[in-house]
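Read off the chains here:
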Amino acid sequence: MKVRTVEASRTVAATPDAVWSVLTDLDNAADNIRAIRKVERLAGEGYAVGVRWRETRKMFGAEATEEMEVAGVDAPTSTTVGSLSHGIYYTTEFRCELDGDATVLTVVFAGEPREQTFFQKLGWGVFGAGGMSASRKALIADLDDIAHAAESQSEA
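These numbers come from a predicted model, not from an experiment.

Participant: Can you explain the overall build of the protein chain? Please cite residues and give values.
Facilitator: Assigned secondary structure in the protein chain consists of three helices and seven strands. Taken from N to C terminus, the helices and strands of the protein chain fall in the order β-α-α-β-β-β-β-β-β-α. By residue count, 39% of the 156 residues in the protein chain fall in the buried class. In the protein chain, 49% of the contacts between residues at least 6 apart in sequence involve partners at least 24 apart. In the structure as shown, the protein chain presents an accessible area of about 8500 Å², 51% of it carried by carbon and sulfur atoms.

Participant: Before we move on, can you summarise the nonpolar core with the specific residues and values?
Facilitator: Counting residues in each nonpolar core, the largest one holds 23 residues, and the members touching the most others are Val12, Val19, Leu23, Phe94, Leu105 and Ile146. Tallying contributions element by element places helix α3 (residues 118-155) first for this core, with six residues.

Participant: Go over unusual backbone geometry with me, naming the residues and quoting the values.
Facilitator: Here the bond from Ala75 into Pro76 is cis, since omega is -15 degrees, no more than 30 degrees from zero. Mapping Pro76 onto the fold places it in the loop between β4 (62-74) and β5 (78-85).

Participant: Hey, could you go over the pattern of salt bridges for me, with residue numbers and the actual values?
Facilitator: Using the criterion set out here, one finds 10 salt bridges in the structure. A salt bridge links Arg52 to Glu67, with the nearest nitrogen and oxygen atoms 2.5 Å apart. Placement of Arg52 in strand β3 (residues 52-59) and of Glu67 in strand β4 is noted, with a sequence separation of 15 residues between them. On the accessibility criterion, Arg52 (26% relative accessible area) is partly exposed. Accessibility expressed as a relative area gives 36% for Glu67, which makes it partly exposed. Each member of the salt-bridge network shares a partner with another, and the members are Glu7, Glu93 and Arg95.

Participant: Could you give an account of the packing of aromatic side chains, naming the residues involved and the relevant values?
Facilitator: Across all of its chains, the model carries two aromatic pairs by this definition. Taking the centre distance of 5.4 Å and the plane angle of 10 degrees together, the rings of Tyr90 and Phe109 count as stacked. Linking Tyr90 in strand β6 (residues 88-99) with Phe109 in strand β7 (residues 102-113), this pair joins segments that are 19 residues apart in sequence. We classify Phe109 as buried; its relative accessible area is 14%.

Calculation notes
Residues numbered from 1 in each chain as written. Predicted model: local features only at pLDDT ≥ 70, side-chain atom pairs only at ≥ 80, totals over all residues. Heavy atoms only, no water. Helix = DSSP H or I, 4+ residues; strand = E, 2+ residues; numbered from the N terminus. Buried < 20%, exposed > 50% of the residue type's maximum accessible area, 1.4 Å probe, protein only. Contact = heavy atoms within 4.5 Å. Areas by Shrake-Rupley, 256 points an atom, 1.4 Å probe, with all protein chains shown as cover. Core = buried A, V, L, I, M, F, W, Y, C linked by side-chain atoms within 4.5 Å. Salt bridge = Lys/Arg side-chain N within 4 Å of Asp/Glu carboxyl O. Phe/Tyr/Trp six-rings, centres within 6.5 Å; stacked < 30°, edge-to-face > 60°.

Quick look at the structure:
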């Protein structure tokens with residue numbers, strides 16, 4: 001089955017370190033990102049490969065809870081978070097690139113089918129592209145929230 005990706009970027013009036021601080025602050029994620037309702041740590045301290053948590057967020061008008069894991073870290077340049085849900089392995093990669101006095105924050109969200117049932121395969125084939133398109137709107141809102149939090153910290 002096909003891997004599907006969505007990408008979005010925005011410029012943040014803050015340093016990559018300030019943006020990184022918000023991105024990796026799991027304990028305050030619900031305060032910084034409006035869609036996140038709750039974060040429950042499952043394994044690990046701070047922010048490093050292998051840290052796992054359960055994240056509840058409002059998506060498409062309903063709350064959903066997924067288990068997430070830090071899959072890659074190259075501080076303060078990039079991080080990748082992974083999650084297996086309903087037969088799809090999702091990755092969310094954030095990249096912070098210095099641009100003058102600002103940071104270009106990019107998110108790449110990808111879904112790769114893994115061990116799926118027949119109906120999951122059918123759903124991915126029929127609705128996967130639409131779901132990824134709808135996810136782009138949510139990613140843009142997350143980028144806006146991260147930017148606001150990083151810019152607010154930079155002004156303080």
